[in-house]
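# Residue-level structure breakdown
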Amino acid sequence: MSRELVHKASVSEVLLTEIQRLDENHFVVGAQWPRWHVFYRGPGGRTDSALLAETLRQSVILLAHSSGVPLDHKFLMPGMALTVTPFERDPQRPTEVTVGLEVVRSQSRAGVFTSLDVSARFQSGNVGIGRGSASARILDGRTYQRFRTQTSPMPPGPRPIRPLDAAQVGHTDSRHVLLGASSAPSRWPLVVDIAHPVFFDHPLDHIPGMLLVEACRQAVRAASGLPESDLKSFSAEFTRIVELWHQATVNVRQLEGGTAGVEINDGETLLMSLKGRYA
């Protein structure tokens with residue numbers, strides 16, 4: 001699949017292979033998950049929730065562009081939810097995945113989507129491996145620039161932050177750590193590396209939603225003391241654009257019985273919230 005259709009610059013970050021339209025509101029997307037990836041889990045093992053989330057993100061964008069949304073339009077995702085079904089991937093070959101998409105609500109202008117609410121079902125072969133939903137708000141380039149000019153003040157200088165040890169959040173490479181060291185319990189400063197090869201595959205003017213979801217997952221791992229745990233399900237709401245200059249913190253508000261509530265805020269302003277189950 002063309003990189004531009006899923007908003008990626010690197011071929012290796014494109015997870016989707018094809019899309020077929022079944023009727024006005026139903027689509028099937030083909031995806032291929034690599035045997036090994038620099039960020040997602042290595043060969044074999046259970047499905048990674050972040051990999052499922054990125055597949056959903058790319059699928060929504062591909063659906064919109066294949067339906068006539070111009071490539072220069074910008075996407076904002078107010079919400080995403082996922083449930084992961086246990087599934088062991090074959091370490092000897094890439095995992096072939098199909099994503100059934102249904103447009104459950106939409107708005108258009110001149111025949112072009114301006115917003116979408118999509119539900120998704122994920123399968124590998126005949127095995128269901130997850131389901132999810134996502135919403136998108138779509139702006140043309142001029143509207144987006146006007147919107148960003150109105151909401152983006154001048155950024156302050158960078159704040160150096162020492163990250164947590166990678167092993168605390170289920171990684172081996174410190175470059176993937178999104179939480180900084182903190183003396184406050186269940187609260188960490190957000191660490192953002194704009195050169196990260198996955199989250200910043202191409203230049204962005206804000207912090208991407210997938211980075212925020214992963215930061216929440218890492219916070220659950222650090223707070224629970226279970227660095228190999230993963231989100232079995234979650235519902236995330238993105239309430240504000242998180243600017244590159246935001247001094248954001250990640251806070252675990254609830255952690256009991258395998259459930260978690262996480263918030264990302266900038267001082268008194270709520271930027272994102274996630275509720276989920278982990279194991």
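Below, the structure is looked at part by part. Remember, it's a predicted structure, so these values are computed and weren't measured experimentally. (Residues numbered from 1 in each chain as written. Predicted model: local features only at pLDDT ≥ 70, side-chain atom pairs only at ≥ 80, totals over all residues. Heavy atoms only, no water.)

### A look at the overall build of the protein
Within the protein, the secondary structure is distributed over 3 helices and 13 strands. The globule rule puts the C-alpha radius of gyration for 279 residues at 19 Å, and the 18 Å found for the protein is close to it. Taking the principal axes of its C-alpha atoms as reference, the protein extends roughly 55 × 50 × 30 Å. Contacts spanning at least 24 positions in sequence make up 64% of the contacts within the protein whose residues lie at least 6 apart. (Helix = DSSP H or I, 4+ residues; strand = E, 2+ residues; numbered from the N terminus. Rg over C-alpha atoms; globule rule 2.2 N^0.38 Å. Contact = heavy atoms within 4.5 Å.)

### Some words on the side chain of His37
Position of His37 among the secondary structure elements: in the loop between strand E2 (26–33) and strand E3 (45–46). When its relative accessible area of 6% is taken as the criterion, His37 is described as buried. A polar side-chain atom of His37 sits 2.9 Å from the main-chain amide nitrogen of Phe39. Looking at His37, its side chain comes within polar contact range of the main-chain nitrogen of Tyr40, at 3.3 Å. (Buried < 20%, exposed > 50% of the residue type's maximum accessible area, 1.4 Å probe, protein only. Polar contact = N/O pair within 3.5 Å; in protein donor to acceptor, adjacent residues only side chain to side chain.)

### Notes on the environment of Gly276
Assignment of secondary structure puts Gly276 in strand E13 (residues 269–278). With 193 residues separating them in the primary sequence, Gly276 and Thr83 have C-alpha atoms 9.3 Å apart. In this structure Gly276 touches Ser233, Phe234, Gly258, Thr259 and Ala260, once residues within four positions along its chain are discounted.

### A short note on the pairing of strand E4 (residues 74–84)
Counting buried residues in E4 gives 8 out of 11 residues, a clear majority hidden from the surface. For E4 and strand E8 (residues 127–139), the ladder comprises 9 bridges, and the chain directions are antiparallel. In the sheet register, Leu76 faces E8, and the bridge partner there is Arg137. (Pairing = 2+ DSSP bridges.)

### Topic: the packing of aromatic side chains
Going through the model one piece at a time under the given rule, you end up with 2 aromatic pairs. Judged by centre distance (5.1 Å) and plane angle (70°), the rings of Phe39 and Phe199 are edge-to-face. Of the two residues, Phe39 is situated in the loop between E2 and E3 and Phe199 in the loop between strand E9 (187–189) and helix H3 (209–224); the sequence distance between them amounts to 160 residues. Among the residues examined, Phe199 registers a relative accessible area of 8% and is labelled buried. One aromatic cluster is present, formed by Phe39, Tyr40 and Phe199 through successive ring pairs. Taking the ring centre of Phe147 as reference, the NZ or CZ of Arg137 above it sits at 5.6 Å. (Phe/Tyr/Trp six-rings, centres within 6.5 Å; stacked < 30°, edge-to-face > 60°. Lys NZ or Arg CZ within 6 Å of the ring centre and 35° of its normal.)

### Quick notes on the pattern of salt bridges
Tallied over the full model, the rule gives 10 salt bridges. With a closest N to O distance of 2.6 Å, Asp90 and Arg93 form a salt bridge. Ionic pairing is found between Glu263 and Arg253, a salt bridge with its closest N-O pair at 3.3 Å. Here Glu263 is found in strand E12 (residues 259–266), whereas its partner Arg253 is found in strand E11 (residues 249–256), with 10 residues between them in sequence. By relative accessible area, which is 54% here, Arg253 ends up exposed. It is possible to trace a salt-bridge network through shared partners that takes in Asp48, Glu214, Arg217 and Asp230. (Salt bridge = Lys/Arg side-chain N within 4 Å of Asp/Glu carboxyl O.)

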